Amino acid sequence: MSSSTQAVHEARQQVIAAGRFAAARGWVPATSGNFSARVDAHHAVVTLSGRDKGQLTEADLALVALAEPLPAGLSAEAPLHIARYRADPAIGAIFHVHAVNAAVISRRHEQQGEIKVAGWELLKAFAGIHTHTQSVRVPVFANSQDIPTLAGQVEQRLQDFPADALAPGYLLAGHGLYAWGRNGAEAQRHLEAFDALLQLQLEWERITA
Ligand SMILES: CSC[C@@H](O)[C@@H](O)C(=O)COP(=O)(O)O
Ligand SMILES: [Zn+2]
């Protein structure tokens with residue numbers, strides 16, 4: 001592999017920091033969640049399966065070639081990461097968490113297939129949104145244990161969303177949130193924004209339903 005040592009190091013550090021950040025907020029209980037960062041056009045660093053995401057070290061990460069078969073021991077959900085990197089070259093990091101707000105609200109909107117999030121100032125925490133009057137659509141997919149098939153379904157359906165209306169993430173019903181950004185800092189900010197927005201949305205639905 002010809003990925004530069006510095007780029008690999010930086011990708012690993014982004015993943016380790018994001019795992020710690022998510023664990024501190026209780027979003028990755030019992031080894032749940034998986035984290036990745038792009039190294040270059042053809043490679044990413046991805047967490048290995050079953051590791052405590054709050055205690056990651058470099059030994060818990062693998063360097064993966066996006067166009068090659070995935071190595072053994074990689075996150076069970078790695079195909080969801082790889083498919084995103086392949087579909088969108090602007091994505092620099094992808095973080096998956098089992099946060100309560102995401103898992104709960106996803107079940108409520110599973111049949112509908114998406115959540116429209118509108119009316120919140122915090123929407124401006126998402127890249128490209130500059131006014132509270134803009135809304136976003138958060139896709140919701142049925143959960144599955146057939147991750148390669150799910151990854152294909154996710155990518156196919158994401159193509160139907162206009163880029164300016166698609167939130168930088170999606171939900172798996174009863175499971176959790178996948179969020180991405182141009183780099184680790186942005187993906188982490190998006191994770192935090194999703195959590196707060198989905199909590200607002202839950203509360204709003206509670207009092208207006
Ligand atoms: C520990 S239950 C959660 C897992 O089934 C899975 O959804 C998950 O997020 C972590 O899987 P992993 O293979 O460690 O990346
Ligand atoms: Zn998961």
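Residues numbered from 1 in each chain as written. Chains lettered and ligands numbered in written order. Predicted model: local features only at pLDDT ≥ 70, side-chain atom pairs only at ≥ 80, totals over all residues.

Asker: Is there a simple way to explain the overall build of the chain in this structure?
Answerer: Assigned secondary structure in the chain consists of 5 helices and 8 strands. Reading the secondary structure of the chain in the N-to-C direction produces α-β-β-β-α-β-α-β-β-α-β-β-α. Its C-alpha atoms give the chain a radius of gyration of 16 Å, near enough to 17 Å, the size a compact globule of 209 residues would have. For the chain, the C-alpha atoms occupy an extent of roughly 55 × 35 × 30 Å along the three principal directions. The buried share of the chain, taken over its 209 residues, is 41%. When contacts within the chain are restricted to residue pairs at least 6 apart in sequence, long-range pairs at least 24 apart make up 65% of them. (Helix = DSSP H or I, 4+ residues; strand = E, 2+ residues; numbered from the N terminus. Rg over C-alpha atoms; globule rule 2.2 N^0.38 Å. Buried ≥ 20, exposed ≤ 12 C-beta atoms within 10 Å, placed from the backbone. Contact = placed C-beta atoms within 7 Å.)

Asker: Would you mind showing me how to read the UniProt feature "binding site: Zn(2+)" (unreviewed entry) in the chain here?
Answerer: Within the UniProt annotation, "binding site: Zn(2+)" (unreviewed entry) is assigned to H96 and H98. For H96, a count of 29 C-beta atoms within 10 Å puts it in the buried group. When residues no more than four places from it in sequence are discounted, the contact partners of H96 are G33, N34, E77, G176, L177 and Y178. Within the secondary structure, H98 sits in the loop between β4 (93-97) and α3 (100-108). (UniProt positions renumbered as here; feature names shortened; annotations may be inferred.)

Asker: Could you clarify how one ought to interpret the site of ligand 1 in this entry?
Answerer: What surrounds ligand 1 is the set A30, T31, S32, G33, N34, T47, S49, G50, S75, A76, E77 and H96. Tallied by class, the residues present in the shell around ligand 1 amount to 2 nonpolar, 9 polar and 1 charged. (Near = placed C-beta within 6 Å. Nonpolar A, V, L, I, M, F, W, Y, C, P; charged D, E, K, R; others polar.)

Asker: For this particular structure, what's the right way to read the packing of α3 against helix α5 (residues 184-208)?
Answerer: To describe two helices that pack against each other, one gives the angle between their axes and the distance between the axes. Look at α3 against α5: their axes get within 9 Å of each other, and the N-to-C directions meet at 45°. By the criterion of interaxial angle, the relationship of α3 to α5 is oblique. Relative to α5, α3 is oriented so that their crossing is left-handed. For the pair α3 and α5, contact is made by N101, A102, V104 and I105 and by F194, D195, L198, Q199, Q201 and L202, respectively. (Axes fitted to C-alpha atoms, helices over the stretch in contact; angles between N-to-C directions. Parallel < 35°, antiparallel > 145°, perpendicular 65-115°, else oblique. Left-handed = near helix turned anticlockwise from the far one by under 90°.)

Asker: Mind showing me how you'd approach the sheet that holds strand β1 (residues 34-40) here?
Answerer: Where strands meet in a sheet, backbone hydrogen bonds hold them as pairs that are either parallel or antiparallel. One open sheet holds the 8 strands; their spatial order is β3-β2-β1-β4-β8-β7-β6-β5, and the pairing between them is mixed. Looking at which strands have only one partner, the edges of the open sheet turn out to be β3 (61-65) and β5 (114-117). The average undirected angle you get between the axes of adjacent strands in this sheet is 20°. (Pairing = 2+ DSSP bridges.)

Asker: Honestly, the packing of helix α1 (residues 5-24) against α5 in this entry has me stumped. Any pointers?
Answerer: Following both chains from N to C, one finds α1 and α5 inclined at 15°, their axes separated by 10 Å at the closest point. If you check the angle between α1 and α5, you find them roughly parallel. In the packing of α1 onto α5, the handedness of the crossing is right-handed. Two secondary-structure elements touch here, α1 through Q14, A17, A18, F21 and A22 and α5 through G184, A187, Q188 and L191. In terms of residue class, the contact of α1 with α5 is made up of 6 nonpolar, 3 polar and no charged.

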